[in-house]
Structures are given as C-alpha cells and as structure tokens.
Amino acid sequence: MKKTNIEWTKIPVGRRSFLQGASMLGLAGATGLGFSGNAFADGAVLKTRAYADMRSLDPAFSQGVPDEEIQAPIYNKLIQYKSGSEWGWQLDAAESIEQVDGTHINFTLKDNIGFTNGFGAMTAEDVKYSFERIIDDKLESSNKPDWSALDHVEVTGERTGTIVLKNAFQPLWSITLPYIAGNIVSKKAFESVGGKIDTTPVATSGPYMHKSWVPKQKTTLVRNPDWKGDPAAFDEIQIYPIDDEKASEIAYEANSIDFTRVSLDSLDRLKSSPPENTTVAEFPSLFYVWVGMNLSNPKLGNLKLRQAIQYAIDVPSIMQASYFGGAAPSTGIIAPGLSGHRDQSLTGIAANLEMAQKLMDESGESNVSLTIDILNKSTNVTTAQIIQANLAAIGISLEVRLHEGATFWNLGGNEDLELILNRFSMTPDPYYATSWFITEQAGVWNWERFGSEEFDKIHTDAQAESDPVKRNQMYQRAQDLMEESGAYKFITHEATPNIYRNTISPALRPDGLPLYRYFSKA
Amino acid sequence: MNKPAKNNSEIVEIFRHLIRDRLGLLGLIIVMLIIGSALFAPLIAPYDPVALNIPDRVQGPSFVHLLGTDQLGRDTFSRVIYGGRVALQVALPTIAGALFLGLVLGMIAGYGPKWLDNLILLFFDTVRSFPTVMFALAVVALVGPSLNTVIFVIMATSIPTYGRVVRTMTLSIKTSEFIMAERSLGASTFRIMSVHILPNVLGPLAVLAAMDIPTVVGLEAGLSFLGMGVKPPTPSWGSLLNDGYSLIRNTPWLIVAGGIPLILITLGFTFLGEALRDVVDPKLRGRGGAK
C-alpha cells in the first residue's frame, strides 16, 4: 500500500494544537458550518479534451502540450505561467526567485511542498537533480535544448540554491522555468526506479495526483490530499485525447466534456448559437503549421525542385478551405507579436505558378512522384488535397498518406519521409521554435533533416543576446535560412477558439491553452 | 444442342420471375442504375470529381451543382457518381475472388478426405476469428491504405463465408444416389465435381454473392470514412461521409449525398438477392412471385 506523505510538513502540530483543530472540526460539523467552496470542492469533476494522448510523464521526455497539460497539475515548477491576456509568470514552488546577474538565479523553495508516496519534502537537491538530469548526455533527454544554457545548480541550503548558467539565456523566464523542463521531480523517487519513468509517475507534488491512464481513452487526475497550497478546485480532472476538433465539439455538445478547443469552421455557428450555458472565446495562437521536405531523401535532393514546390503551394486557398478564413497565413515559425517574427516570407504566400514552373524546368526533373504524410484530421486532409492540386499544376504527382496520432508522431526517425504536413506547439520565446530545427535534432524533431551551421550558431547566440533589436534580426535570419534551404513552406499559426461551460472558470494562457491546475468552479 | 437451349430458358424464367416480383424488379432497376452510372460516369458527371473550385466551396444544392459542393468546391453529385466506380471496383473483384477461392476450398473440403476437411475448416475458423474491421485496420496500419489493400482484406475475410456454404452443399450432394451412380460407372473425381457438384452450388452461391455486395461496399465506405480506404482525392462514398461528418453543421448535404447511395445499393442488392434466392430455391418459388 502506498504511503501518503506527511513527514515533510513543517507546521508544528503539538498535542494542544491538534486537540484545538479537532475541536474546531467537531464544532463545525455539529453546527452545520461549512468551509467555503474554495476550500473544499463539492466532488466536482472537470472533463476536458487533449489534442493527443499522453506520451510521457517524465519531464525530460515530455513531448509537448498534451504531456505538459498533465504534468503541470501534478508537478511543481519554481514558477508557472500566469493566466490572462499578457504573458507572465507567478511563483509556484519558489517562495522567492531572483536573477542576480546574467548567469546566476537564486531561489528559495516554499517550506510546504512535498512529494507523494512518502518521498519527503521538496528540497533544493530535487531542483538540482530535475534540471541537471535534462542536460545529462547519458539520459538523452529530448528536451535538452530547453536547458542548453545550464551549467549546474548549486545547492546552498535545504531549500535554497542558485541556478548557474553557462551564458545569459533570454528564454529562461518565458520557456525553461515555467514550461516542460521546469517541472521538479523527486530525486529519491526517480533514483529508486533507475533515473527515468515513462507513463507512471513514482512521486508527484502538485495540487493533483495522477490516478490512471487508459491509453487512447482517458487520463485521470485526482486531488492531492497532502497539497498545502491554494486548494485544487476539482476532485477529479479527466482528460480525453480526441485528435479531431469536430469529434470534441460533438463530445462537448453531448455533455461529455466541459472544455475544448473547437475548429475554426465551427466558430461562426458557435458564436451565433452557442450550446446552452457555454462561453465561446477566441485567442491568437502560437502553433505553427508548415510543409516540410526531407533533405536526406534523394528524391528531394534537388534544390530547384524543392523551391518549385515552395512557390507552387497556394496558402490563401488553404486558409479559405481548411481554416474557413479564420486563420491568417504565416511567414515562418515565429508568430506575430514575438521577437523574430517576419513580416514577409521569401517565397510569398500565394502560389506563383510561373516561378514554380520555371524552377521545375530548371531542376531538370520530370515525372516526379512524391508522398506527403499527414495526421488524419479533416483540416489536414483538406490542406493536403489543395497541395496535391497545387503540385499537379507543375507536373508533380503527390500521394497523400494518412496516419493516426501514434503512428504520425513516430515518423520522425523514418529517413524515407518525403513531404510532411506538420504542426508544432510554441511558447512565447523564439528560442523554443528554433530549438527543434538545429542539426542535433535531425531525425528527432527536425524531420526535414535541415542542417545549417549558421542556423545553429544563431540559435546558440540569440539565446544570450540581450539587445531586442539584434535578437529580432537574428531570428528573422534563422527563418530566412530555413526557407532558403527549400525544405519549408510555412502555412499558418492557426487560431485558438475555445468553448467551455459557464460552470467553470478556466485559466488560460494568452494563446488560449489551458492551465488546468488553476481552473476553478465559476 | 439441348443444353444451351435449356440454359436460355432458365435465364428467361429468372427474368420472368424477377418481373413478377416487384421488389426483385425494383432491386434489379436500382442495381442496373448504379452499375450504369458507374460505367458511364464520365458521361453522366457534370464536373471533374477532383477539380478544386475553392470560391464555390460548401454550397447547397442548386441547378449548377445538383448536390452542392464540398469544402474544396468539388461537385458532390459528380463525386457520388464516381464514388460508385470505387464501390464496384472494390466489390466486384473482392466478391469474385472470395467466391472463387471459397468455391475451390469448399468443394475440396466437402469432397476430399476428412483430414483435409479439418485443415480447411481450421483455416476458415482462424480467418473468421478476426473481427473484419480490426483485421482491416491492422493490415492497413502495416502496409498503408490503398484500394488494393481494401480489396485484399475484404476478400480474405469473405472466403470462409463462401467456403462453408460450398462445403456443406458438397457434403450433401456427394452422398446423393446420382453421384454414387456416376462413381460406379467410373466417373473421375474431377468430372463429378465439375459436372455435377459445381452447377448445383453455383445458384445459391450467386444469391449469397449478390447479398454480400452491400456488405463489402459498406466495409469499404467504413474504411474510407476512417481514412484507411482509398486515398484522397479519389471520391468514394466513405470519404464523402467523412467530409460530410466534418461539415455536417455547415452543410448537411454532403453526408446525405454520401449516405443515399449506400442505402440504395444495400436495398437494391438485397431485393435482387432475395428474388434470386426465390428462383433458385424451388421450395420458395411461387411465393415471392405471387406478391
């Protein structure tokens, strides 16, 4: 039987205070006095949707938003994103945190946070272990780029320490600390299971605990009874992986879920006649969608051919047919409003068939037959068919290959990939976007196997650049390099329309993504 | 010279029976219409079924587009007509292949030695033990979706259905007096199987095949609906349903357009199959025709 953790509690409980507490509880019960709904939730269950199934509960191997949506409520970070329309952070496990110079950040942990299953209080050693394991080459963490500037964490006391960076690292406060790589795990717990976990957490510390995961069906989180911070609002959070937004809309209307992102083509209808007791909210999105071309595939070895494809794709048609005019074309991987956003792309937004045909002729290629791998979602199928028609106009035959989520997200290691229609999540710093396209990520997240020394250098240098103008230019150049390689055609950043029941009060990032640990009842 | 004349008269008799049986006639008409529209699709369809016309997307029915347009502005009526081709492209070779293999294996099982019968039955039971859709999804996941994959999967899972019917009939016929007489006169096994058993099992098998066509078409549509059937942009009734499902709140016409031909083909082949069964089974003859 699992032990619940109590020994880390720092509140002294003497015989007298215990008796006083017990008397008060008894009095409250006898007189019918209740605690506020905030203090004791009334058995509420929050049912929500994730756009993909959970893949890992190990922060070192978390694979983006769907994993973080589960990890954020069950682990603590030094700081967490704040909900609202402006990007910002708030203290979480840290009682205080301060950047003393470009490379040193001092922190003090709160004294009331502990790990479940008897793994004790959260200490600075846990922070050190959590962050340093991600940069350990032996672990081969897929999230190493998030902590690429970390040198080490110095433990100065039981709950105090200093994060020491190799160089100034601008994304620290916007990405690293409040997102995936900032999750703090229990050193003792992880070491007891060999240093890493998969989908079963060994000890957690957040307001919710992981109860169960039924692959492709549901992840269930329950309230952590030992949590000493602001009380969790729900007894249970059920997260259903539903790839397709249409399916999740139906689930919402059938009262099966309380919160979901909806498709853009449903937005007008939902705004004009929303389901009963529902709020429709629109947010700009940071996601980026693009068509990638695998540079290591000999069929795509010809630069002119790749450029012909770039010029042939008609993004405005995709915006109309796939996104129902609800999203705007993108110029790169960095959304408007973020440092490094480009006002224009190099190959334009609308198709330039004359240029495409000219490049095709110059390529010397004929009877070109290619494939495009896509995640099986209605938006993607529509987009792929437009691209298919666009390429047919310059004599390229394109076969559309549909994949279910689990298959699609494992395609990265396949060297035979040709074209890919892909979509990545993003955080509010351009560093996060370029991280996945450096040479080291080839075959991991860099499915195009794009490799550029200049790009890698920009990625490294820009993280330390404190001059916003220079940093902006650096990321713009990085995207130019991606586009010049012929391996990318940028499509859109999409948009994030959400619907939710008026019985809940969602806590959302400025890009509309949920912060479940801060959700409450309305 | 007598044999062909007898065959002609049998065909005429079947037609007479179908004309007398109203539902059978309705089934025949529907089937002929579907087959005809599929065969002459280029002449009937007013538009190229894969040509995009994005400015005209998601339109309701009109004189310009009889069944409206989909999210890419493609004419839905043209896609329905061409979708019939895909349905028959899957159904006909699938049924023909399964029928042929089921016939051969069933006759061998029924007429051959006991150990061979047991072996073939084991094969049938093994194949049937896989739920068809799960088996299809597994194969598609391994080799990727395509028309040929769909045909292979449905054919493989249909063989036992025909094989078991043929085996049962063969077992019954092989103990008949006329077969024993043939055998005593020195007729070879091949002659007995081809001249006596085969003609007797073909009739019921044809009925079974006719009634199986809607099942096969429905299965193809189901796989295409799941994105595991024909690849985009090939029009199939299943992919029309999928598009329609995505846009059901914007334009219900797509799902109606994808659903109606599936209903029609099911009704048509079921009515036709039942009428044929009445003709083939002498005990039922006259009951159906007297309607």
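Residues numbered from 1 in each chain as written. Chains lettered and ligands numbered in written order. Predicted model: local features only at pLDDT ≥ 70, side-chain atom pairs only at ≥ 80, totals over all residues. Heavy atoms only, no water.

Looking at an unreviewed UniProt entry, one finds chain A named Peptide ABC transporter substrate-binding protein, with Kiloniella spongiae as its source organism. Under the heading Subcellular location (unreviewed entry), UniProt records this for chain A: "Periplasm". Listed under Sequence similarities (unreviewed entry) in UniProt, the entry text for chain A is "Belongs to the bacterial solute-binding protein 5 family." (UniProt positions renumbered as here; feature names shortened; annotations may be inferred.)

**Digging into the overall build of chain B**
When its secondary structure is counted, chain B shows 11 helices and zero strands. Each helix and strand of chain B, ordered N terminal to C terminal, gives the series α-α-α-α-α-α-α-α-α-α-α. For chain B, the spread of C-alpha atoms along the principal axes amounts to about 75 × 45 × 30 Å. When burial is assessed residue by residue, chain B has 47% of its 291 residues classed as buried. Of all intrachain contacts in chain B linking residues separated by at least 6 positions in sequence, the fraction that spans at least 24 positions is 69%. Of the roughly 14,200 Å² that chain B leaves accessible, carbon and sulfur atoms contribute 70%. (Helix = DSSP H or I, 4+ residues; strand = E, 2+ residues; numbered from the N terminus. Buried < 20%, exposed > 50% of the residue type's maximum accessible area, 1.4 Å probe, protein only. Contact = heavy atoms within 4.5 Å. Areas by Shrake-Rupley, 256 points an atom, 1.4 Å probe, with all protein chains shown as cover.)

**Here's the deal with unusual backbone geometry**
That bond from B:Pro232 to B:Pro233 is cis: its omega, 10°, falls within 30 degrees of zero. Of note, B:Pro233 is situated in the loop between helix 9 (189-225) and helix 10 (237-246). Phi is positive for A:Glu140, which is not a glycine, with a value near 55°. Structurally, A:Glu140 can be placed in the loop between helix 3 (124-135) and strand 6 (150-155). Taking the relative accessible area as the measure of exposure, A:Glu140 reaches 64% and is therefore exposed.

**Some thoughts on the packing of aromatic side chains**
Across all of its chains, the model carries 31 aromatic pairs over all chains by this definition. Positioned above the aromatic ring of A:Phe324 is the side chain of B:Arg57, whose terminal nitrogen or guanidinium carbon lies 4.9 Å from the ring centre. For B:Lys174, the ring lying beneath its charged end belongs to B:Tyr111, and the centroid distance is 5.9 Å. (Phe/Tyr/Trp six-rings, centres within 6.5 Å; stacked < 30°, edge-to-face > 60°. Lys NZ or Arg CZ within 6 Å of the ring centre and 35° of its normal.)

**Considering the interface of chain A and chain B**
In this assembly, 22 residues from chain A lie in contact with 18 residues from chain B. Together, the buried faces of chain A and chain B total about 1,900 Å²; carbon and sulfur atoms form 56% of this surface. Its largest share of buried area at the contact with chain B, chain A owes to A:Phe324, A:Gln385 and A:Leu402, together 27% of the area lost on that side. Where chain A packs against chain B, one counts one salt bridge. A salt bridge links A:Glu399 to B:Lys231, with the shortest nitrogen-to-oxygen separation between them at 2.1 Å. Along the contact surface separating chain A from chain B lie six residue pairs in polar contact (both at pLDDT 80 or more). Counting residues per element, the ones that place at least two in the side of chain A that touches chain B are helix 5 (245-253), helix 8 (315-321), helix 10 (378-392) and strand 15 (396-403) of chain A. In terms of residue count, helix 10 of chain A provides more of the side of chain A that touches chain B than any other element does, seven residues in total. Here the residues of the side of chain A that touches chain B are counted per class, giving nine nonpolar, seven polar and six charged. (Buried area = accessible area lost by both parts, 1.4 Å probe. Salt bridge = Lys/Arg side-chain N within 4 Å of Asp/Glu carboxyl O. Polar contact = N/O pair within 3.5 Å; in protein donor to acceptor, adjacent residues only side chain to side chain. Nonpolar A, V, L, I, M, F, W, Y, C, P; charged D, E, K, R; others polar.)

**Quick word on the environment of A:Gln479**
All names here are of chain A. Locating Gln479 in the fold gives a position in helix 14 (residues 468-484). Excluding residues within four positions of it along the chain, Gln479 makes contact with Gly332, Ile333, Ile334, Gly340 and Arg342. Among the polar contacts made by the side chain of Gln479, one reaches the main-chain amide nitrogen of Ile334 at a distance of 3.3 Å.

**Quick word on the sheet that holds strand 5 (residues 104-109) of chain A**
Residues and elements named next belong to chain A. Pairing in this open sheet of four strands is antiparallel, and the strands run 4-5-7-6 from one edge to the other. Strands at the two margins of the open sheet, each flanked by one partner only, are strand 4 (94-101) and strand 6. Across the sheet, the mean angle from the axis of one strand to that of its neighbour is 20°, orientation sign disregarded. Pairing of strand 6 with strand 7 (residues 160-165) involves five bridges; the strand directions are antiparallel. For Val153, the partnering residue across the bridge sits in strand 7 and is Ile163. Lying over the sheet, helix 3 contacts strand 5, strand 6 and strand 7, oriented at roughly 165° with respect to strand 6. (Pairing = 2+ DSSP bridges. Axes fitted to C-alpha atoms, helices over the stretch in contact; angles between N-to-C directions.)

**Description of the environment of A:Ala464**
All names here are of chain A. With respect to the helices and strands, the residue Ala464 is situated in the loop between helix 13 (453-462) and helix 14. Between the alpha carbons of Ala464 and Asn294 there is a distance of 30 Å; along the sequence they are 170 residues apart. Discounting residues that sit within four places of it in the chain, Ala464 has contacts with Asn167, Ala168 and Gln170.

**Observations regarding the domain arrangement of chain A**
Residue and element names in this part refer to chain A. The domains assigned to chain A are domain 1 (38-239 + 503-521) and domain 2 (288-493). Its C-alpha centre places domain 1 at a distance of 31 Å from the equivalent point of domain 2. Tallying the contact residues gives 26 residues for domain 1 and 21 residues for domain 2. Contact between domain 1 and domain 2 buries roughly 1,800 Å² in total, counting both sides, with carbon and sulfur atoms accounting for 59%. Looking only at domain 1, the three residues that lose the most surface to domain 2 are Pro145, Gln170 and Ile175, adding up to 27% of its buried area. On inspection of domain 1 and its partner domain 2, the count reaches zero salt bridges. Our count for the domain 1 to domain 2 interface comes out at six residue pairs in polar contact (both at pLDDT 80 or more). Here the residues of the side of domain 1 that touches domain 2 sort into 12 nonpolar, eight polar and six charged. (Domains from an automatic or database assignment.)

**A closer look at the pattern of salt bridges**
Throughout the structure, instances matching the rule amount to 37 salt bridges over all chains. With a closest N to O distance of 3.8 Å, B:Arg79 and B:Asp70 form a salt bridge. In terms of burial, B:Arg79 and B:Asp70 fall into one category: buried. Each of A:Glu245, A:Arg261, A:Lys377, A:Arg423 and A:Glu494 takes part in a single network of salt bridges with overlapping partners.

**Structural notes on the sheet that holds strand 16 (residues 419-424) of chain A**
Residue and element names in this part refer to chain A. Judged by pairing direction, the sheet is mixed, and its five strands sit side by side in the order 15-14-16-13-17 without closing on themselves. Both edges of this open sheet fall to strand 15 and strand 17 (488-492), since each of them pairs with a single strand only. Pairs of neighbouring strands in the sheet enclose a mean axial angle of 25°, with direction left out of account. Of the strand pairs in this sheet, strand 13 (residues 288-293) and strand 17 are connected by four bridges, and their pairing is antiparallel. When the bridges of strand 17 are listed, Trp290 appears paired with Phe490. Across the sheet, helix 10 is in contact with strand 13, strand 14 (368-375), strand 15 and strand 16; its angle to strand 15 comes to roughly 165°.

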